[in-house]
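# Tertiary structure, described
The primary structure of each chain is shown beneath.
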Amino acid sequence: MRGLQRVPFGAFWVAALLSSMAEAAQSLALAWYLSDLRLPVTVLAALQGSDLLGTLTGVATGAWSVRRFGQRRTLVGALLLEGVVCVVVAIAAFAPGKDVSVGQAYVVAVIAGVVPFATAISSPAWAALVSRWPGTKSDTRQLLLDGVQYQVGGFLGPLFGGLVIGTVMHALQWLSAMNALTNILLAVLVLMLLGFPEPRSIGTHITQKVAIGPLLKYPAIWGMAASSFAAESSRIYLPRILRQSGENAGTLSIVLALISAAAVFAGIVASRLYLQNRTLAGIALVDLGLGLGVWAFTPFIHPFGWFVGAVIVGTAVGIVHAPLIAMLMEHAGEEQRALGAASGMTVRAIAGAMGGMIFAALVSPLGSLVYLVTSATALATGMSFAGFNKRSRREEKSR
């Protein structure tokens, strides 16, 4: 384990923060590039479709790769693949005269789907590594701290990306290069780790499967579905709902900043509490439901409710996924921790897409009241965790 001392978790955390920031900045530049008013709106639909397809296939590929090649090789390979794809996107999107053709835009949208594919491949191994970093006392605490860097990067990245877009020519190319370099840096750090935690069954050709029936009965999978259904769709359609409510871009900026700040603060505080995973997840889901409920009625009460709801929602977002992923990894067993994380990430992607489709159908006629759907889902699921806690305590006493 001496080699691990060469890469303290703090150094790895900072490198991951830079990578998250670069990825968020590149994503903003890519969305801006493909939002050219001379291009059809279906280009953005192609980007969303390739993103979802890349995520779903990437998670499945990552779970298989961990069993076949181990977590280190999977993680390093995925990070290098993402770096290469960032360079390919930069080349494919290059337009000397700034006139982007429709065909070129579709090509870029499709190629860009390989970035979430590579990210998703690394996600199960990433969760398994971060949660079991040597010297740590809590899987959930590690995942919460990892969530903090992701939230900070997600907040700073768009600010930095917007600055680059407004001041530098070929901003997408520069930001893509930055994202590629940060992924290479992470790959080097992973290669430097000695004593990397690996499952014992690497390369055994044993097909490990998750039994769907028992998994669907496990509360954590429904918690992951409810949180993603509520949070992802709410985030995507928030600008539209704010505009329907007569708010301006300044309100949106403040709301997003408050969500990120609250998420970071909540993640740091929760990492020091050492609550049971199921308790922490239940609290976060109820919190999410309350925040979305505030947003549902804000246009009928007072605009300040957007800010109050943002703080409540941000607090939930900064907490909810870490205990759920930790529960799924524990449920899967020591040899299949990456597979447990992959199951949660798959459900997260599917539930988020389903929530988006429901919002697309209801947001125009209902406006902010559409949040009642996601609020009720999060509240009901969160309160159901209280019953799960009681059953678990009874089972522990009977042993």
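The structure reproduced in this document is the subject of the present report. (Residues numbered from 1 in each chain as written. Predicted model: local features only at pLDDT ≥ 70, side-chain atom pairs only at ≥ 80, totals over all residues. Heavy atoms only, no water.)

### Points about the packing of helix H3 (residues 71–92) against helix H7 (residues 171–192)
- Relative to each other, H3 and H7 sit at 165°, their axes nearing to 8 Å. On the basis of the axis angle, H3 is roughly antiparallel to H7. Taken as a pair, H3 and H7 cross one another with a handedness that is left-handed. Of the residues in H7, those touching H3 at Arg 72, Leu 75, Val 76, Leu 79, Leu 80, Glu 82, Gly 83, Cys 86, Val 87, Val 89 and Ala 90 are Gln 173, Ser 176, Asn 179, Ala 180, Asn 183, Ile 184, Leu 186, Ala 187, Val 190 and Leu 191.
- When its residues are assigned to classes, the contact of H3 with H7 shows 14 nonpolar, five polar and two charged. (Axes fitted to C-alpha atoms, helices over the stretch in contact; angles between N-to-C directions. Helix = DSSP H or I, 4+ residues; strand = E, 2+ residues; numbered from the N terminus. Parallel < 35°, antiparallel > 145°, perpendicular 65-115°, else oblique. Left-handed = near helix turned anticlockwise from the far one by under 90°. Contact = heavy atoms within 4.5 Å. Nonpolar A, V, L, I, M, F, W, Y, C, P; charged D, E, K, R; others polar.)

### Describing helix H12 (residues 305–317)
- With 13 residues, H12 extends 18 Å from end C-alpha to end C-alpha; this agrees with the ideal 18 Å at 1.5 Å per step.
- When we look at burial in H12, the residues that qualify are Gly 305, Trp 306, Gly 309, Ala 310, Val 313, Gly 314 and Ala 316. Burial along H12 is one-sided: seen end-on, the buried residues are contained in an arc of 160°. (Expected span 1.5 Å × (residues − 1). Buried < 20%, exposed > 50% of the residue type's maximum accessible area, 1.4 Å probe, protein only. Arc of directions from axis to C-beta.)

### What to know about the nonpolar core
- Membership of the largest hydrophobic core comes to 29 residues, with the highest contact counts inside it found for Ala 127, Leu 143, Leu 324 and Ile 325.
- For this core, the elements supplying multiple residues, two or more each, are helix H2 (42–69), helix H5 (114–131), helix H6 (139–167), helix H9 (219–244), helix H10 (249–270), helix H11 (277–301), helix H13 (321–332) and helix H14 (337–366).
- With seven residues, the top contributor of residues to this core is H13.
- Those residues within four positions of Ile 325 in sequence are excluded, and the remaining contacts are Ala 127, Leu 143, Met 224, Ala 341 and Gly 344.
- In terms of nonpolar packing, the next biggest core, distinct from the first, is built from 22 residues, Leu 34, Ala 112, Ala 171 and Leu 172 among them. (Core = buried A, V, L, I, M, F, W, Y, C linked by side-chain atoms within 4.5 Å.)

### Some points on unusual backbone geometry
- Look at His 170: it is not a glycine, yet its phi comes out positive at around 55°.
- Relative to the helices and strands, His 170 is located in the loop between H6 and H7.
- Exposure remark for His 170: the relative accessible area of 25% places this residue in the partly exposed category.

### Some remarks on the packing of aromatic side chains
- Overall, the coordinates contain five aromatic pairs when judged by the stated rule.
- Geometrically, the ring pair formed by Trp 64 and Phe 69 is edge-to-face, given 5.5 Å between the ring centres and 85° between the ring planes.
- Look at Trp 64 and you get partly exposed, because its relative accessible area is 45%.
- Each ring, one from Phe 304 and one from Phe 307, has its centre 5.8 Å from the other, and the planes form 85°; the classification is edge-to-face.
- Members of the aromatic cluster, connected to one another through ring pairs, are Trp 295, Trp 306 and Tyr 371. (Phe/Tyr/Trp six-rings, centres within 6.5 Å; stacked < 30°, edge-to-face > 60°.)

### Some points on the packing of helix H1 (residues 9–34) against H7
- Where H1 contacts H7, the axes come no closer than 8 Å and their chain directions differ by 155°. Here H7 runs roughly antiparallel to H1, going by the angle between their axes. Judged by the twist between their axes, the crossing of H1 over H7 is left-handed.
- A breakdown of the residues in the contact of H1 with H7 according to their chemical character gives 17 nonpolar, six polar and one charged.

### Details of the environment of Ala 322
- Mapped onto the secondary structure, Ala 322 falls in helix H13.
- For the pair Ala 322 and Asn 277, spaced 45 residues apart in the sequence, the C-alpha separation amounts to 8.4 Å.
- Once residues within four sequence positions are removed from consideration, Ala 322 is found in contact with Thr 140, Leu 143 and Leu 144.

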